[in-house]
Amino acid sequence: ACCTWSCGDSASEAATTAPTENTINQPAGNPNAKLVGEKWLRGQLSAQLGSQKLNLSGASQTELNGIEVTKSQATYGEDETTIVSITDLGIFGSNLGVVTPWLGKSINSTTGSSFQRSSYVENYPSLETYNAEKQLATISALVGNRFLVTATSTSMRTTQLRDAVATMELEDLAKGE
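A quick note: this is a predicted structure, and the numbers were derived from the prediction, not measured. (Residues numbered from 1 in each chain as written. Predicted model: local features only at pLDDT ≥ 70, side-chain atom pairs only at ≥ 80, totals over all residues. Heavy atoms only, no water.)

Draft legend 1. Here's a closer look at the overall build of the protein. Broken down by element type, the protein carries four helices and nine strands. For the protein, the succession of helices and strands along the chain, N to C, is α-α-β-β-β-β-β-β-β-β-β-α-α. Partitioning the contacts of the protein with sequence separation of at least 6, the portion at a separation of at least 24 is 56%. Total accessible area on the protein stands at roughly 9200 Å², and carbon and sulfur atoms take up 45% of it. (Helix = DSSP H or I, 4+ residues; strand = E, 2+ residues; numbered from the N terminus. Contact = heavy atoms within 4.5 Å. Areas by Shrake-Rupley, 256 points an atom, 1.4 Å probe, with all protein chains shown as cover.)

Right, dumping it as structure tokens:
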């Protein structure tokens, strides 16, 4: 069956890069991990995302599901319609599925003009969603089995957003501080 993708995406535009062995078989997280520093994590945010330039960025230590994490966040574009965050989930260890329930699953579902599908960004597992009602594209990618990169935009299609996230220095991020 064919679907109408109001965000301009089609089923064939999903990232089809196969996962690498370390992405599939490596255990996620490390309960003894030391959180990366706020300054380092903020430095991992790109000065430009696709054609959109960085507006504001910051980083802090915060809690996620009762566990302390380091998180950086930035807005992009003149109208600040694109937001990117990077969260250090290293301390979650084997409980990573609480934050990334889509990890390791093959997802491809549609509801009207909205969709949700699993994909890969530069060999890192990701989840792409598009909410037609809000015209909101979202990409969430788990980088290096530790860092959750989430990008949302009302001005980019999911394929554009995925491609923009792929331009970030993901391999450097995967190595950690």
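Draft legend 2. The arrangement of the pattern of salt bridges in detail. In the structure shown here, the tally under the stated rule is four salt bridges. Among the ionic pairs, D88 bridges to R146, the shortest N-O distance being 2.6 Å. Here the residue D88 occupies a position in strand β4 (residues 82–88), and R146 occupies one in the loop between β8 (136–143) and β9 (147–153), the gap between them amounting to 58 residues. Among the residues examined, D88 registers a relative accessible area of 0% and is labelled buried. (Salt bridge = Lys/Arg side-chain N within 4 Å of Asp/Glu carboxyl O. Buried < 20%, exposed > 50% of the residue type's maximum accessible area, 1.4 Å probe, protein only.)

Draft legend 3. Representation of the nonpolar core in the model. In this structure, V84, I86, F147, V149, M168, L170 and L173 are the most contacted members of the largest nonpolar core, which totals 27 residues. Among all residues touching L170, those that are not within four sequence positions of it are V121, E122, Y124, V143, V149 and V165. Membership of the second largest hydrophobic core comes to ten residues, among which are V69, L89, F92 and L96. (Core = buried A, V, L, I, M, F, W, Y, C linked by side-chain atoms within 4.5 Å.)

Draft legend 4. Up close: the side chain of Q44. Along the chain, the position of Q44 falls in the loop between α2 (38–43) and β1 (48–49). Not counting residues within four places of it along the chain, the set of residues in contact with Q44 comprises I86, M168, D172 and L173.

Draft legend 5. Up close: the pairing of strand β2 (residues 52–64). Pairing between β1 and β2: two bridges, direction antiparallel. Each bridged residue has a counterpart across the sheet, and for Q48 the counterpart in β2 is K53. Hairpin connection from β1 to β2: two residues lie between these consecutive antiparallel strands, with G50 at a positive phi of about 60°. Bridge analysis of β2 against strand β3 (residues 67–76) gives ten bridges, and the strand direction is antiparallel. Following the sheet pairing, L54 is matched in β3 by Y76. The turn linking β2 back onto β3 is made up of two residues, and N65 within it adopts a positive phi angle of 55°. (Pairing = 2+ DSSP bridges.)

Draft legend 6. Representation of the environment of S118 in the model. Topologically, S118 is positioned in strand β6 (residues 114–121). Residues S118 and K105, spaced 13 residues apart in sequence, show a C-alpha to C-alpha distance of 7.3 Å. Every residue in contact with S118, bar those within four places of it in the chain, is listed here: K105, S106, I107, S126 and L127.

Draft legend 7. View of the pairing of β4. With six of seven residues buried, β4 lies mostly within the body of the structure. Pairing between β3 and β4: seven bridges, direction antiparallel. Within β4, the residue paired with A74 across the bridge is V84. The turn linking β3 back onto β4 is made up of five residues, and G77 within it adopts a positive phi angle of 90°. As paired elements, β4 and β9 share seven bridges and run antiparallel to each other. Bridging from a neighbouring strand, S85 pairs with T150 of β9.

Everything listed here is a matter of coordinates, which is why it stays silent on function.
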